Amino acid sequence: MTVHAPIPDYAAARQVMVDSQLRPQGVNDPAVIAAMSVIARETFVPEELRPLAYVDRAVPIGDGRSLPPPAVLGLLLTALTINRGERALVVGAGTGYSAAVLREMGVDVVALESSPNLAAEARKLGINVVEGPLEAGHGTAAPYDFILLDGAVEVIPGALIDQLKESGRLGGALVEDGITRLIVGRKAGGGFGFHSIADSATPALPGFKRPRTFTY
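Residues numbered from 1 in each chain as written. Predicted model: local features only at pLDDT ≥ 70, side-chain atom pairs only at ≥ 80, totals over all residues. Heavy atoms only, no water.

## Thoughts on the nonpolar core
Grouped together as the largest cluster of nonpolar side chains are 48 residues, with contacts concentrated most on Leu77, Val101, Leu102 and Met105. With six residues, helix H3 (residues 70-79) is the single largest residue contributor to this core. Among the nonpolar cores identified, the runner-up in size contains 18 residues, and Ile147, Val153, Leu160 and Phe208 belong to it. (Core = buried A, V, L, I, M, F, W, Y, C linked by side-chain atoms within 4.5 Å. Buried < 20%, exposed > 50% of the residue type's maximum accessible area, 1.4 Å probe, protein only. Helix = DSSP H or I, 4+ residues; strand = E, 2+ residues; numbered from the N terminus.)

Next comes the structure, spelled out in structure tokens:
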């Protein structure tokens, strides 16, 4: 006889995520909390990994990529101070979870993904995805009020900054000296300045490695 594990109560798991991960780690924007409380994160991970959808760590989604921990997204969206009706670019949208949360918040979202497989999965979940190299952004729909890097990068390409409106914001995870920190910054006068908000074990996005200098 085959014994099947009970199907998790995902609605309850989402509430536990909010109470034990998001709020204690500083996610206090009511709109972020509300959106992450209703979007079914489990549908954005492979079926066999759905019981892990709400754990406080990254969850693999295929093609060498992972969904960042819930608090990573919550902290970045809180720090970005998002308003309904804004236009955003999600870079490295994966299967579309972050884009779905932003859409629930009333944001006009462009989801950019370089993996055809992940883009196809996102489309099955109702996410409108454009495909292309992540580091190039998606200039066709620019300028954006803000850009979300849905993973860690070693460099922030100028092409992405160029696609922000003046005073537009960018949030993501930046790797410096082997340490990954969540950062949020703003475009001003063609330049870009940022500050870090937390250290974080955020999975990397492809295409953003810092050029290696030659040494003897």
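## Examining the environment of proline 143
Tracing the backbone shows proline 143 in the loop between strand S5 (129-131) and strand S6 (144-153). Residue contacts for proline 143: discarding those within four places in its chain leaves Arg87, Gln163, Leu164 and Lys165. (Contact = heavy atoms within 4.5 Å.)

## Focus on the packing of helix H1 (residues 10-22) against helix H2 (residues 30-38)
Following both chains from N to C, one finds H1 and H2 inclined at 145 degrees, their axes separated by 8 Å at the closest point. Taken as a pair, H1 and H2 cross one another with a handedness that is right-handed. Note on element contacts: H2 touches H1 through Ile33, Met36, Ser37 and Val38, opposite Arg14, Met17, Val18 and Leu22. Of the residues assigned to the contact of H1 with H2, the class counts are six nonpolar, one polar and one charged. (Axes fitted to C-alpha atoms, helices over the stretch in contact; angles between N-to-C directions. Left-handed = near helix turned anticlockwise from the far one by under 90°. Nonpolar A, V, L, I, M, F, W, Y, C, P; charged D, E, K, R; others polar.)

## Details of H3
Extensive coverage of H3 is indicated by the burial of nine of its ten residues. Here H3 has its buried residues at Pro70, Ala71, Val72, Leu73, Gly74, Leu75, Leu76, Leu77 and Thr78. Backbone geometry just downstream of H3 places threonine 81 in the positive-phi region, at approximately 45 degrees.

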